[in-house]
Amino acid sequence: MPRNPRRIKGMSVRTVEEWVPLIHENLAVIEERIQAACDSSGRKREEVTLIAVSKTQLHEAILAAHALGLRHFGESRWQETETKVHALPSDITWHFIGKVQSNKAQKIAQSVDVIHTLENSRQLAEIAKQTRTFDGLIQLNISGEEQKLGIFPGNLDRLVEDVIQCKHVRFRGLMGIARMVEDPEECRAEFRLLRQEAERIGVNWLSMGMSHDLEVAIQEGSTHVRIGTALFGSR
Ligand SMILES: *Cc1c(COP(=O)(O)O)cnc(C)c1O
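Notes on the structure follow.

Conventions used here
- Every chain's residues receive numbers from 1 upward, in the order its sequence appears when written.
- Owing to the predicted nature of the model, reporting of local features is limited to residues with pLDDT of at least 70; listing and counting of side-chain atom pairs is limited to 80 or more, with chain, interface and lining totals taken over all residues.
- Calculation of side-chain values draws on the structure's entire complement of heavy atoms; hydrogens and water are dropped beforehand.
- Runs of H or I in DSSP of at least four residues are treated as helices and runs of E of at least two as strands, each being numbered from the N terminus.
- We call a residue near a given molecule or strand whenever any one of its heavy atoms falls within 4 Å of it.
- Polar contact criterion, stated in full: a pair of N or O atoms within 3.5 Å, where within protein one must be able to donate a hydrogen and the other to accept it, and residues adjacent in sequence count only if both atoms are side-chain atoms.
- Computed with the Shrake-Rupley method and a 1.4 Å probe, the accessible areas treat only the protein chains shown as cover for residues.
- Side-chain classes follow a simple rule in which Ala, Val, Leu, Ile, Met, Phe, Trp, Tyr, Cys and Pro form the nonpolar group, Asp, Glu, Lys and Arg form the charged group, and the remainder, Gly included, forms the polar group.
- We call two residues contacting when some pair of their heavy atoms lies within 4.5 Å.
- Remark: nonpolar core denotes a set of buried residues (Ala, Val, Leu, Ile, Met, Phe, Trp, Tyr, Cys) joined through side-chain atoms within 4.5 Å.
- Exposure categories follow from relative accessible area, calculated using a 1.4 Å probe and restricted to protein chains: below 20% of the type maximum is buried, above 50% is exposed, and the middle band is partly exposed.
- We count a salt bridge whenever a side-chain nitrogen from Lys or Arg sits within 4 Å of a carboxyl oxygen from Asp or Glu.

As a further point, take unusual backbone geometry. Here threonine 56, not a glycine, exhibits a phi torsion of approximately 70°, which is positive. Here threonine 56 lies in the loop between strand E3 (49-53) and helix H2 (59-67).

Below is the structure:
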């Protein structure tokens, strides 16, 4: 395995064979972290789905992760998602975790299995024009930061009604992104808020936890962790 892979515009160009040992090693560390977080909170490993966030990664990296048994992948840009969904194995479950622009909403709904980032009724009006059914989560702004996407908790109930009305969405749960801080322990209250809101409205998928904060998220009830950097390296 070359120490310094060729690079295109800052992107590592590795073959599938070169990716496999790297991802294998990273995956072992992630699995240990997930297991430890489950153990520390009395949860079972099967309750947590690992989504490999493959945005910006080339097909070779995804194929290597697939060869190692991963089947859930997360993407955040429509064009990239479209190409990957067509080119990569059909047993992959595709999760859309980026901003859903209204003018792309129909296409995204027709292509992916789960959309984590429903946040307004314009998107839903577009989604209602197509006929494919998918699993949907509402992105909740749990960090209180204006620049973050997602709906503020105070506006959640109205959007929930719209999502339930939208017949092509199986409404499953909530997704959130915590503040980026050095000590993820500081974000425990944000993850807890997401769990409490989900319990209140009666949904049970909690998409929360990323490379640096998955432990706290799992302890607070995460069912879907979204892991990019810890699996594929920095983007
Ligand atoms: C990029 C991204 C991730 C993965 O982040 P890492 O820190 O690389 O694990 C998770 N969730 C969303 C919404 C993202 O955009």
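Lining the immediate environment of the ligand, one finds Val53, Lys55, Ile97, Met175, Ile177, Met210, Ser211, Arg226, Ile227, Gly228, Thr229 and Arg235. Between an oxygen atom of the ligand and a side-chain N or O atom of serine 211, the distance comes to 2.5 Å. The separation between an oxygen atom of the ligand and a polar side-chain atom of threonine 229 is 2.5 Å. Contact with the protein chains removes 90% of the 390 Å² of surface that the ligand exposes when unbound. For the shell around the ligand, the per-class residue count stands at 6 nonpolar, 3 polar and 3 charged.

Its place among the elements puts aspartate 213 in the loop between strand E9 (205-207) and helix H8 (214-219). The spacing of aspartate 213 and proline 184 is 29 residues in sequence and 5.3 Å in space, taken between C-alpha atoms. What aspartate 213 contacts, discounting residues up to four positions off in sequence, is Ala178, Pro184 and Phe191. At a separation of 2.6 Å, a polar atom in the side chain of aspartate 213 contacts the main-chain amide nitrogen of methionine 210.

Side chains of a nonpolar character, in soluble globular proteins, are inclined to be buried together. In terms of nonpolar packing, the biggest core is built from 60 residues, with Ile34, Phe73, Ile115, Ile138, Leu231 and Phe232 touching the most fellow members. Per-element accounting of this core gives the leading share, 7 residues, to helix H1 (residues 16-40). Every residue in contact with phenylalanine 73, bar those within four places of it in the chain, is listed here: Ile51, Ala52, Ser54, Ile62, Ala65, His66, Ile92, Thr93, Trp94, His95 and Phe232.

A few words now on the pattern of salt bridges. All told, the structure shown has 20 salt bridges when counted by the stated rule. Between arginine 33 and glutamate 215 there is a salt bridge; the shortest N-O distance is 2.7 Å. Here the residue arginine 33 occupies a position in helix H1, and glutamate 215 occupies one in helix H8, the gap between them amounting to 182 residues. For glutamate 215, a relative accessible area of 26% translates into the label partly exposed. As a salt-bridge pair, arginine 179 and glutamate 190 come within 2.5 Å of each other at their nearest N and O atoms. Residue arginine 179 is located in the loop between strand E8 (169-175) and helix H7 (188-201), and its partner glutamate 190 is located in helix H7; the two are separated by 11 residues in the primary sequence. Classification of arginine 179 as partly exposed rests on a relative accessible area of 26%.

Here we take up the side chain of serine 207. Here serine 207 shows up in strand E9. The residues touching serine 207, leaving out its near neighbours within four places in the chain, are His116, Leu137, Leu174, Met175, Gly176, His224 and Arg226.

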